[in-house]
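Survey of secondary and tertiary structure
Single-letter residue listing:
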Amino acid sequence: NEIYLQGLAEKTPPFTTDATRLEAVAAEAFAPGPFGYVAGGAGSGATMRANRDAFDRWRIVPRMLADATERTLDTTVLGTAMPAPVLLAPIGVQSIVHPDGELATARAAKALGVPIVLSTASSYALEEVAEAAGPRWFQLYWPNEPEVCASLLQRAKRAGYEVLVVTLDTWTLAWRPQDLDQAYLPFLRATGVANAFTDPAFLAGLAKSPADDQAMAVLRWVSLFTGQDKSWDRLPFLREHWDGPIVLKGIQHPDDARRAADAGMDGIVVSNHGGRQVDGAVGALEMLPEIASAVGSRMSVLFDSGVRTGADVLKALALGADAVLLGRPYVYGLGLGGEDGVRHVLRGLLADLDLTLGLCGRRSVSEVDSSLVRSA
Ligand code: FNR
């Protein structure tokens, strides 16, 4: 209906609705630094390509006369009700692509009821984003100082973040040639530290305020969040300081998924960080069926890395995911059109998902199972 009505009013969308062309459109519109930050991956980019290739190895088998005119995408994951099995992935320093950054993203997601997962490296303080946001989860980069970790968790809890997502795959930044070739670091200095610069435990470790010595404050931030891997026996610390569900993000091996379940975690995100960490790694979707069959009955299984279309979401659900996280596409939307741009990308994905679900002869997310797909 909307397409016809827009046609009558001679209105066109703010930018392409073709999710597969978004990156090319953003490449034209963004300055090289911000574009490199969002689009870049580890090393040669082999893992990013593997993420997309993995989707092409599965094909959907639609069913007919299934009475799918009335249908719903509603679902609930870890106690959070959502209008579709889609959340916005945590993406740091979004003000690199648009001054309103995470605030615009939060508003667009709220308008549609879609949950956000706010990054530790948000350009706006988590309390400020909470005021703009609807349903919200908090992503933790696990700081090397327990006091700072406890303080961030306490603030997130107080600000109404429902689920804690702990990212494990980025305990140090990978070899990312695009980043090294681009001069976006000045943006990072100014914007990537809002959560730390408003944190009492972080500020307590500084001799001078960030306003008086920004370089020192940024160095403290960097050393807090990189260079120290954690171990499985540290997970109880998180439990002690977070009384809601905990999800481990960046799981790629079924044995790690089993360990997460054994440790009493509530969920995992099967993810390779959008191909930004280990170059030459397996496509994230390739590991999903094995991981879902190992732990799917014990915990929530979420998925990201390479999701672009409604068909992609359905394939991930068919292979065992309870929901997916959308990464780069919404950040391209943010850079291209601010809050409206994020909403345009999200509405497109949800509409595509809804139509494809119906055309496959399914009326709800719960009717999607492995019979929907076959390997190509
Ligand atoms: C990320 N990702 C990420 N993950 C996280 O846990 N905390 C973060 O701050 C960030 N920051 C970030 C920045 C940028 C520019 C990108 C592209 C990605 C990873 C993100 O949450 C997600 O795993 C991937 O983006 C999913 O892959 P796609 O959808 O981008 O292919």
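The present account deals with the structure reproduced in this document. (Residues numbered from 1 in each chain as written. Predicted model: local features only at pLDDT ≥ 70, side-chain atom pairs only at ≥ 80, totals over all residues. Heavy atoms only, no water.)

On to the site of the ligand, then. If you check the shell around the ligand, you find 21 residues, and the closest are Pro90, Ser119, Thr167, Asp304 and Arg308. Between the ligand and Gln139 there is a distance of 3.2 Å, counted from a nitrogen atom to a side-chain nitrogen or oxygen. Computed on the free molecule, the ligand has an accessible area of 600 Å², of which 98% lies beneath the protein chains in the complex. (Near = heavy atom within 4 Å. Polar contact = N/O pair within 3.5 Å; in protein donor to acceptor, adjacent residues only side chain to side chain. Areas by Shrake-Rupley, 256 points an atom, 1.4 Å probe, with all protein chains shown as cover.)

Now for the packing of helix α3 (residues 32-39) against helix α17 (residues 328-359). Packing of α3 against α17 leaves a shortest axis separation of 10 Å and a crossing angle of 160°. Classified by the angle their axes make, α3 and α17 are roughly antiparallel. As for the relative orientation of α3 and α17, their crossing is right-handed in sense. Taken together, the residues of α17 that come into contact with α3 (itself represented by Phe35, Val38 and Ala39) are Arg328, Val331 and Tyr332. A class-by-class count of the residues in the contact of α3 with α17 yields five nonpolar, no polar and one charged. (Axes fitted to C-alpha atoms, helices over the stretch in contact; angles between N-to-C directions. Helix = DSSP H or I, 4+ residues; strand = E, 2+ residues; numbered from the N terminus. Parallel < 35°, antiparallel > 145°, perpendicular 65-115°, else oblique. Left-handed = near helix turned anticlockwise from the far one by under 90°. Contact = heavy atoms within 4.5 Å. Nonpolar A, V, L, I, M, F, W, Y, C, P; charged D, E, K, R; others polar.)

Time to look at helix α7 (residues 146-158). Taking 1.5 Å of rise per residue, the 13 residues of α7 would be expected to cover 18 Å, and the 18 Å separating its terminal C-alpha atoms lies within 8% of that figure. Three or more residues of α7 are buried, namely Val148, Cys149, Ser151, Leu152, Leu153, Arg155 and Ala156. Following α7 by one or two positions, Gly160 has its phi on the positive side, about 85°. (Expected span 1.5 Å × (residues − 1). Buried < 20%, exposed > 50% of the residue type's maximum accessible area, 1.4 Å probe, protein only.)

With a probe scaled to a water molecule rolled over the atoms, the places where space remains empty come into view. Overall, the coordinates contain one cavity of 30 Å³ or more when judged by the stated rule. Forming the walls of the largest cavity are 13 residues, and the residues nearest its centre are Gln94, Thr105, Ile116, Val117 and Tyr330. Grouping the amino acids of the lining of the largest cavity by side-chain chemistry returns nine nonpolar, three polar and one charged. (1 Å grid on protein atoms, 1.4 Å probe; cavity = no way out; pocket = protein on both sides within 12 Å on 5 of 7 lines; lining within 4 Å. Points joined across faces, edges and corners; volume = space filled by probe spheres on them.)

Nonpolar side chains in soluble globular proteins tend to end up buried together. Judged by nonpolar contacts, the single largest core of 103 residues is most densely connected at Tyr161, Ile268 and Phe303. Setting aside its immediate chain neighbours within four residues, Ile268 contacts Val247, Leu248, Ile251, Ala257, Ala260, Ile291, Val295, Met299, Ser300, Val301 and Leu302. (Core = buried A, V, L, I, M, F, W, Y, C linked by side-chain atoms within 4.5 Å.)

Time to look at the pairing of strand β8 (residues 246-251). Working note: regular strand, side chains alternate between the two faces of the sheet. Judged by how many residues are buried, β8 sits mostly within the fold: six of six residues are covered. In terms of strand pairing, strand β7 (residues 164-167) meets β8 through four bridges, oriented parallel. Bridge pairing links Leu164 to Ile246 in β8. Summarising the sheet, β8 and strand β9 (residues 267-270) pair through four bridges and their orientation is parallel. Bridging from a neighbouring strand, Lys249 pairs with Val269 of β9. Of the crossover connections in this fold, the one passing from β8 over helix α14 (residues 254-262) to the parallel β9 is right-handed. (Pairing = 2+ DSSP bridges. Right-handed = clockwise from strand over helix to strand, strands pointing away.)

The final tally for this structure, using the stated rule, is 13 salt bridges. Of the charged contacts, one joins Glu286 and Arg57 as a salt bridge, the two residues approaching to 3.8 Å between their closest N and O atoms. Remark: Arg57 occurs in the loop between α4 (46-56) and β1 (58-60) and Glu286 occurs in helix α15 (residues 284-295); sequence separation between them is 229 residues. Between Asp266 and Arg239 there is a salt bridge whose closest N-O contact spans 2.8 Å. With Asp266 in the loop between α14 and β9 and Arg239 in helix α13 (residues 235-241), this residue pair connects regions lying 27 residues apart in the sequence. Taking the relative accessible area as the measure of exposure, Arg239 reaches 31% and is therefore partly exposed. Three or more residues are tied together by salt bridges with common partners; here these are Glu127, Arg155 and Asp199. (Salt bridge = Lys/Arg side-chain N within 4 Å of Asp/Glu carboxyl O.)

Further remarks concern α4. When we look at burial in α4, the residues that qualify are Thr47, Ala50, Asn51, Ala54 and Phe55. All buried residues of α4 fall inside an arc of 140° around its axis, so they share one side. In the core, the buried residues of α4 are packed alongside β1, α15, β10 (300-303) and α16 (310-318). (Arc of directions from axis to C-beta.)

Let us look at the packing of aromatic side chains. Here a ring pair, both rings aromatic, is described through the centre-centre distance and the interplanar angle of the planes. A complete count under the given rule lists seven aromatic pairs for this structure. Ring geometry for Phe35 versus Tyr332: centroids 6.2 Å apart, planes at 25°, classification stacked. Taken as a pair, Phe35 in helix α3 and Tyr332 in helix α17 lie far apart in primary sequence, 297 residues in all. Take Phe35 and Tyr332: they sit in the same class, and that class is buried. Pairing Phe138 with Tyr161 gives two aromatic rings, centres 5.8 Å apart and planes at 70°, and the pair type is edge-to-face. (Phe/Tyr/Trp six-rings, centres within 6.5 Å; stacked < 30°, edge-to-face > 60°.)

Let us look at the pairing of β10. Burial along β10 is two-sided: the residues Ser300 and Leu302 and Val301 and Phe303 are all buried. Sheet topology places β9 next to β10; four bridges connect them, and they run parallel. The residue bridging Ile268 from the neighbouring strand is Val301, located in β10. Note that the unit made of β10, α16 and strand β11 (residues 323-326) has a crossover that is right-handed.

Glancing now at the packing of helix α2 (residues 22-29) against α17. Relative to each other, α2 and α17 sit at 80°, their axes nearing to 9 Å. When the interaxial angle is binned, α2 and α17 end up roughly perpendicular. Residues Leu22, Glu23, Val25, Ala26 and Ala29 of α2 lie in contact with α17, whose contacting residues are Arg328, Pro329, Tyr332, Leu336 and Val345.

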